[in-house]
Structures are given as C-alpha cells and as structure tokens.
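Read off the chains here:
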Amino acid sequence: GAGVSQSPSNKVTEKGKDVELRCDPISGHTALYWYRQSLGQGLEFLIYFQGNSAPDKSGLPSDRFSAERTGGSVSTLTIQRTQQEDSAVYLCASSWDRRRGNEQFFGPGTRLTVL
Amino acid sequence: TQLLEQSPQFLSIQEGENLTVYCNSSSVFSSLQWYRQEPGEGPVLLVTVVTGGEVKKLKRLTFQFGDARKDSSLHITAAQPGDTGLYLCAGATVSSNTGKLIFGQGTTLQVKP
C-alpha cells in the first residue's frame, strides 16, 4: 500500500516485558515521527527523525523508551520493562522534507495494553 | 510548556448548530495545519494555512490564520453527525530549522442528530 503502515495493530503485554513497535513510512519521506495518544487525548510527541540528522529525542518520557530508523526508512520504537502507564495508542507519521511541505501522513497506530 | 493551546477541549452540540474551535500561541508559525481524527484511525490533514490573514474554505469548514500567524480558528457551519471526531491543530514555528510540527491538545467534537 501507499500509506504509512504500523505493526502490530494491537499488543497486549505483561508489566516488565519489552515491546517493539514497527513503522513503515511512505517511500521517499525523509521525516518520521512517533507520538503517543491516550484515549480521546491529543498527541504526545516522542521522537523525530529527519534524514541523516541526529534524531530529536526530546519527547521520550524515560530511558526505557528508544527508537531507531534503519536505512532512512523503517523505524522501530522499543519500550523496555513496560509499565501500566505506557498503555496508549502509539502513532507513527511520515512527511516530505520541509521544502516540499510538512503535511504528516499517519499510520493507524498500535494499541498497547500493559497488564 | 504547551506551545499551542486549543479550545474548547470538548464540544457537544446538536446537528445544524455552528461552532468554532480556536488554536492560540505566543509563538509565530510559518505554517499551521488542521487535522481530523476518527476513532481507531490516525489523524488526516484537512488544510494547511501559511499566510497571515489567510482564509480557506472546505465545504462547511472555514479555516483562518491570524494576521500575526500566532493563532488560527476552525469554524463549522451547520454541523452534521459526520463531523464528529477529534480536531487537532499543528504548527511549525519560524524558529524551527527542522520543520518539526507542534500539536495542540485537540478538540473532541460530538454532533448529536
């Protein structure tokens, strides 16, 4: 498909386990974002990748959260030692670079439930 | 510090009523976007405004960018149940050299038939 895809769509895990969430951006998009969204709430920025620049990690809530983007394409968000407060929908978005407009195209999200 | 303040946070109205959602900041934005999100899906872009004072219309939706490019509004005329959803404003500040978008907290709109 031509859109942003995320996997898994749902993830249920036990407290203390590690989880990996995957994002496949639109081909050619240089920017990639991760957000967290609690039920009915706005978007909480987590991390931003732009081309080959160092990622903006200013939104990561703790050192249990990390993300990488391999080859400028696929990204993985890893949460170690999950806690119940990590339960949320994790959204990924990608966009062209700033010169081509920065409309963000979102994936459907991964709903994470930590028991 | 929340750079973009959206109001109201929640709005429940009857079909046919008009409404306005506001997005305000003390920062100047090079562009501002409005997104709409339905349950179980990611947000989808409605409009981008880039010029101070700009007004854009999308059917029953009217978007305005403030003259100073610090605020924006979304006005819906004769709301319909299909307008129900979460509305988000997002902007790129002029001081940002990356184009990173800042999102408001969102406005949850419920239109009752």
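Summarised in this report is the structure supplied together with it. All values reported here derive from a predicted model rather than from experimental measurement. (Residues numbered from 1 in each chain as written. Chains lettered and ligands numbered in written order. Predicted model: local features only at pLDDT ≥ 70, side-chain atom pairs only at ≥ 80, totals over all residues. Heavy atoms only, no water.)

1. A few points about the packing of aromatic side chains
Two numbers describe a pair of aromatic rings. These are the distance of the centres and the angle of the planes.
All names here are of chain A.
Stage number 1. Summed over all chains, the structure comprises 9 aromatic pairs over all chains.
Stage number 2. Ring geometry for Tyr33 against Tyr48: centres 4.5 Å apart, planes inclined by 20°, an arrangement best described as stacked. Placement of the pair is Tyr33 in strand E4 (residues 31-37) and Tyr48 in strand E5 (residues 44-50), with a sequence separation of 15 residues. The pair formed by Tyr33 and Tyr48 is uniform in burial state, with each residue classed as buried. (Phe/Tyr/Trp six-rings, centres within 6.5 Å; stacked < 30°, edge-to-face > 60°. Helix = DSSP H or I, 4+ residues; strand = E, 2+ residues; numbered from the N terminus. Buried < 20%, exposed > 50% of the residue type's maximum accessible area, 1.4 Å probe, protein only.)

2. So, the state of the cysteines
Residues and elements named next belong to chain A.
Stage number 1. Under the definition given, this model contains 2 disulfides over all chains.
Stage number 2. Paired by a disulfide, Cys23 and Cys92 hold their sulfur atoms 1.8 Å apart. Judged by the sign of its S-S torsion, about -65°, the bond between Cys23 and Cys92 is left-handed. Of the two residues, Cys23 sits in strand E3 (residues 19-24) while Cys92 sits in strand E8 (residues 88-95), which places them 69 residues apart along the sequence. Like Cys92, Cys23 is buried. (Disulfide = S-S within 2.5 Å.)

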